[in-house]
Amino acid sequence: METLTHTRIVMRQQCPMKEHLHYVERLRPLEIQWPLTVGSVWHTAIEALAKGASEDEAVQAGLAALDWIRPADEEEQYKLDLERARIEVMIRFAARRFRPRKFIAVEKEFLLPIINPATGRKSRKFALGGKVDAIAEDEDGRLWVVENKTTGTSIGQFRETYGLNNQLTLYAYAVSRMLERPVAGIIVRAVVKSRAEPKKKGGEIVESWDEYKARLLAAYEAEPDKYLAEDTVERTPEQLAQFEAELWLETQERLWQTKTGVIRHNTANCSLYGGCPFRPLCLGVEGARESMYRVSQTAHDELSEAV
Ligand code: SF4
């Protein structure tokens, strides 16, 4: 049985070969993937907060996820210090501003049969898997999926993504199936990632990391609505039914791909999102596979082995 997650489905939409290299061959670039690394710090820290950790404990838990990085040069050391400072400020800001919730589950994994809506038959080849950041219950006893995000865009631009965000639809669908209860919607909690850097004069940094963090936190606190969102997003039964139908279609497309033995290269994607990490492989660079990638033990690094 193969597990389809939101990330896996999206990666195949981007490029079927990219998805094959990541999930079937399990290749991971040796180069640091900063967005993934920062995302892991953020989720670790917010999970700690949801489980009752103090602000300092959450910062400590989150930043520990960067301890494995050994900067290769001064430039990488600066990048690491900058990311550490920025994410620490974001965690402290979230700890002070996110509304307290009654969480009934934190970092909850799911693994569900994929169903053909026309016949009710389960897929024998694929299952739907994933992990939601949390599930909360409100004062009226309604269930909400909680998603904690960081965004490099403005809060206004970020909110524009809610309507067509398939991850939110998938989580609402999966949690209601898993708990066999309707879900009222998704609570999206997001903090904007600042692009500000320490002050420089004549190319030299003239601000300590502590001064920089204090300045950044003060900027966040001065305009919280500019840097933080905590919104409810709903999905109609029709949207969930459409999602279920498309999920089944996804399984059929994959079966067809396997049958043909052909994996498409979507070359329109190669240069997007900072460039595909598998370009050297698709370009046929000699020795790239051995020198630039490792093979992961797991197909889904974010999930437990059971999933
Ligand atoms: S380099 Fe391009 S074709 Fe190759 S896997 Fe990446 S996106 Fe696909």
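Every value quoted in this text rests on a predicted model; they were computed, and no experiment measured them.

**Student:** What exactly am I supposed to notice about the overall build of the chain here?
**Tutor:** Helix and strand counts for the chain stand at 12 helices and 10 strands. Expected size for 307 residues packed as a compact globule is a radius of gyration near 19 Å; at 21 Å, the chain falls within 12% of this value. A principal-axis box enclosing the C-alpha atoms of the chain has dimensions of 65 × 60 × 30 Å. In the chain, which comprises 307 residues, the share counted as buried stands at 44%. Of the contacts made within the chain by residues no fewer than 6 positions apart, 77% connect residues no fewer than 24 positions apart. With an accessible surface of roughly 16,900 Å², the chain has 51% of that area assigned to carbon and sulfur atoms.

**Student:** Looking at this structure, I do not really get unusual backbone geometry. What am I missing?
**Tutor:** Apart from glycine, the bulk of residues carry a negative phi angle, and the bulk of peptide bonds sit in the trans form. Phi is positive for glutamate 107, which is not a glycine, with a value near 50°. Unusually for a residue other than glycine, tyrosine 273 sits at a positive phi of about 50°. With respect to the helices, strands and loops of the structure, tyrosine 273 is situated in the loop between helix H10 (237–260) and helix H11 (279–282). The exposure class assigned to tyrosine 273 is exposed, which follows from its relative accessible area of 66%.

**Student:** Please explain the site of the ligand as it appears in this structure.
**Tutor:** For the ligand, the full set of nearby residues is Cys15, Met17, Lys18, His265, Asn266, Asn269, Cys270, Cys276, Arg279 and Cys282. If you list the elements that add at least two residues to the shell around the ligand, you get helix H2 (16–24) and H11. Class assignment of the residues belonging to the shell around the ligand gives a composition of 5 nonpolar, 3 polar and 2 charged.

**Student:** Got a minute to help me understand the pairing of strand E5 (residues 143–151) in this structure?
**Tutor:** Walk down a regular strand and you will see the side chains alternate between the two sheet faces. Judged by how many residues are buried, E5 sits mostly within the fold: 8 of 9 residues are covered. With 4 bridges joining them, strand E4 (residues 122–137) and E5 adopt antiparallel strand pairing. Following the sheet pairing, alanine 136 is matched in E5 by tryptophan 144. As judged from the 8 bridges shared by E5 and strand E6 (residues 185–192), these two strands associate in the parallel manner. In the sheet register, valine 146 faces E6, and the bridge partner there is isoleucine 187.

**Student:** In this structure, what is going on with helix H3 (residues 34–50)? I would like to understand it.
**Tutor:** Quick reminder: α-helices carry 3.6 residues per turn. Residues three or four places apart thus point the same way. With 17 residues, H3 should reach 24 Å at 1.5 Å per residue; the first-to-last C-alpha distance of 24 Å fits that figure. Within H3 the residues assigned to the buried category are Trp34, Thr37, Val38, Val41, Trp42, Ala45, Ile46 and Ala48. Along H3, the residues classed as buried sweep out an arc of 160° about the axis, all on the same side. Projecting away from the buried face of H3 at angles above 90 degrees are the exposed residues Pro35 and Leu36. After H3 finishes, the residue glycine 52 shows a positive phi value of roughly 105°.

**Student:** Honestly, the environment of tyrosine 227 in this entry has me stumped. Any pointers?
**Tutor:** With respect to the helices and strands, tyrosine 227 occurs in helix H9 (residues 224–227). Under the relative-accessibility criterion, tyrosine 227 is labelled buried at 16%. In this structure the C-alpha to C-alpha distance between tyrosine 227 and leucine 30, which are 197 residues apart in sequence, comes to 33 Å. For tyrosine 227, the residues in contact, after removing those within four places along its chain, are Phe93, Ile155, Ala190, Val191, Val192, Ala219 and Tyr220.

**Student:** Would you mind going over the pattern of salt bridges with me for this structure?
**Tutor:** Opposite charge on two side chains lets them pair, provided their charged atoms get close. By the definition in use, this model includes 29 salt bridges. With a closest N to O distance of 2.6 Å, arginine 289 and glutamate 25 form a salt bridge. Separated by 264 residues along the polypeptide, arginine 289 in helix H12 (residues 288–292) and glutamate 25 in the loop between H2 and strand E2 (27–29) bring together distant segments of the chain. We classify arginine 289 as partly exposed; its relative accessible area is 36%.

The rules we used
- Each chain has its residues counted from 1, following the order in which its sequence is written.
- This being a predicted model, a pLDDT of at least 70 is required before a residue's local features are given, and a value of 80 or more before pairs of side-chain atoms are given or counted; all residues contribute to the totals for chains, interfaces and linings.
- To get the side-chain values, take all heavy atoms of the structure and skip hydrogens and water.
- To qualify as a helix, a DSSP run of H or I must reach at least 4 residues; to qualify as a strand, a run of E must reach at least 2; elements of each kind are numbered from the N terminus.
- Computation of the radius of gyration draws on C-alpha atoms alone. For the globule rule, the value is 2.2 Å times the number of residues to the power 0.38.
- Residue exposure (1.4 Å probe, protein chains only): buried if accessible area is under 20% of the type maximum, exposed if over 50%, otherwise partly exposed.
- In what follows, residue pairs with any heavy atoms lying within 4.5 Å of each other are defined as contacts.
- Here the Shrake-Rupley method, with its probe set to 1.4 Å, supplies the accessible areas, and only the displayed protein chains count as covering residues.
- Residues are classed as near a molecule or strand on a simple rule: at least one heavy atom within 4 Å of it.
- Ten residues, namely Ala, Val, Leu, Ile, Met, Phe, Trp, Tyr, Cys and Pro, are considered nonpolar, four, namely Asp, Glu, Lys and Arg, are considered charged, and the remaining ones, Gly among them, are considered polar.
- Paired strands are those between which DSSP finds at least two bridges.
- Given a helix with a known number of residues, its expected span is that number minus one, times 1.5 Å.
- Note: the arc covers the axis-to-C-beta directions of the helix.
- One side-chain nitrogen of Lys or Arg within 4 Å of one carboxyl oxygen of Asp or Glu is enough to make a salt bridge.

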